[in-house]
Amino acid sequence: MEEVGLGIVSFIRAAWIFATLPIAVACFPLPGLGWFRTALLGIIKRGKILQSKSKLTVPQSFFFHFYVVGVLWTTILLVSLWSYAMREHVYNVWLSQAVFLLLLMEVQVLRRFYESIYVFNYSPSARMHILGYLLGLLYYVLAPLSLCCNFAPQVFDFVSGRVGMSRPGFDNIWMFVTLFLRLPWYAWIGAAIFLWGWVHQLRCHQILGSLRDKTKKLEEYVIPNGDWFEYVSSPHYTAEIVIYGGLVVASGGSDLSLWLLFAFVVANLVFAAMETQKWYHQKFDDYPHNRWTFEGRILVEVMKRRYGQSFGTIGASRRKLWRK
């Protein structure tokens, strides 16, 4: 059983490393790798920034499938782990944290599920690459599992009936409360950070969804304003990074699997935010030039410290080209 558990954890960690490295490499303007960046963009681009006539695409409205998978899978893991935690001899603070993290993830995927139905109105022409679609489905399987992978073998045995136990009744309802009373202080700080990002992502998504009401055609686009859009170009991505950062803090930062998940989220969203910023400057002559990608600003500062002021000059030149 221990070998199975190590195998699951190793697979999840390897998957996040394998997914993060190509995106991290593509984020930097390294010579000779333009073809690699172009190929990766062909898979990652979607919606308004995807300009492709390839038949290997699906409607962007298929995002709905991601959240169906996310809700179903997260609920299964949450119910299974919570039921397993009710066994008193395995009831401990680390297990309660895993339940807490899955509960937060459940709040996130439920909201995204709701938004995919009632908030976003995707253009009929909005597409995404089929590989990006399949990777999105895989993400919403691996991400919730990363929050509880250390307990996966035991929970699987419990669910499959290999471990017998009496089902908790209503007389044990107090155990549901004490499960959270055992949480350490940093779990609640992480939850506060999570909710901060969660609220702002909700607001930003509502702003993006409302833009369709301001246009005469679904294919038209307008510049979003309000909330974090006043400061950065892709605040919904920034908010997502805050959300997953909150999960890392709530976990205590001791699980490498969660750190690797967070690294993937940051790399993926930084890359997407940089391309969105480029598209905005190409699309709108009057786009506010003081808006940057918060993630991209951090990236440039890191590269300036690593390679000197010349990288900042390159970044400024690229921004000028975007505005033409």
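Right above here is the structure, for reference.
Residues numbered from 1 in each chain as written. Predicted model: local features only at pLDDT ≥ 70, side-chain atom pairs only at ≥ 80, totals over all residues. Heavy atoms only, no water.

J.: What should I look at first to understand the packing of helix α5 (residues 130-146) against helix α10 (residues 256-283) in this one?
T.: Geometrically, a packed helix pair is captured by the angle between its two axes and the distance between the axes. At their nearest, the axes of α5 and α10 sit 9 Å apart, and the two run at 140° to each other. Here α5 lies oblique to α10, going by the angle between them. Residues Y139, A143 and S146 of α5 form the contact with α10, whose own contacting residues are S257, L261, F264 and V265. In terms of residue class, the contact of α5 with α10 is built from five nonpolar, two polar and no charged. (Axes fitted to C-alpha atoms, helices over the stretch in contact; angles between N-to-C directions. Helix = DSSP H or I, 4+ residues; strand = E, 2+ residues; numbered from the N terminus. Parallel < 35°, antiparallel > 145°, perpendicular 65-115°, else oblique. Contact = heavy atoms within 4.5 Å. Nonpolar A, V, L, I, M, F, W, Y, C, P; charged D, E, K, R; others polar.)

J.: What's the story with the packing of helix α3 (residues 63-85) against α5 in this structure? I'm lost.
T.: Interhelical geometry of α3 versus α5 gives an angle of 20° and a closest axis separation of 9 Å. Considering the angle they form, α3 stands roughly parallel to α5. Note on packing geometry: the crossing formed by α3 with α5 is right-handed. Side by side, α3 and α5 meet where H65, F66, Y67, V69, G70, W73, T74 and L77 of the first sit next to G132, Y133, G136, L137, Y140, V141, P144 and L145 of the second. Considering only residue class, the contact of α3 with α5 consists of 11 nonpolar, five polar and no charged. (Left-handed = near helix turned anticlockwise from the far one by under 90°.)

J.: How should I be thinking about the nonpolar core in this particular structure?
T.: The nonpolar side chains of soluble globular proteins are, as a tendency, buried together. The biggest cluster of nonpolar side chains holds 71 residues, and the ones touching the most others in it are W16, L81, Y139, Y244 and L261. At the level of secondary structure, the elements contributing two or more residues to this core comprise α1 (2-27), α2 (34-44), α3, α4 (93-118), α5, α8 (185-210), α9 (235-251) and α10. With 13 residues, α10 is the single largest residue contributor to this core. (Core = buried A, V, L, I, M, F, W, Y, C linked by side-chain atoms within 4.5 Å. Buried < 20%, exposed > 50% of the residue type's maximum accessible area, 1.4 Å probe, protein only.)

J.: Explain α9 to me, please; I cannot follow it from the model alone.
T.: Along an α-helix, a turn takes 3.6 residues, which lines up residues three or four apart on a common side. Taking 1.5 Å per residue as the helical rise, α9 with its 17 residues ought to reach 24 Å, and the 24 Å between its terminal C-alpha atoms agrees with that figure. α9 sits mainly inside the fold: 16 of its 17 residues count as buried. In the stretch just after α9, G252 is the one whose phi turns positive, near 90°. (Expected span 1.5 Å × (residues − 1).)

J.: Before we go on, may I ask you to explain the environment of A126 in this structure?
T.: With respect to the helices and strands, A126 occurs in the loop between α4 and β2 (127-129). Note on A126: relative accessible area 5%, which makes it buried. In this structure, the C-alpha to C-alpha distance between A126 and Q60, residues 66 residues apart in sequence, is 5.4 Å.

J.: Help me out: how do you make sense of the side chain of Q201 in this one?
T.: Take Q201: it is sitting in helix α8. On the basis of relative accessibility, which here comes to 1%, the residue Q201 falls in the buried class. Once you skip the residues sitting within four places of it in the chain, Q201 turns out to touch Q108, R111, R112, E115, H236, A239, E240 and I243.

These results come straight from atomic positions and should not be treated as a statement about function.
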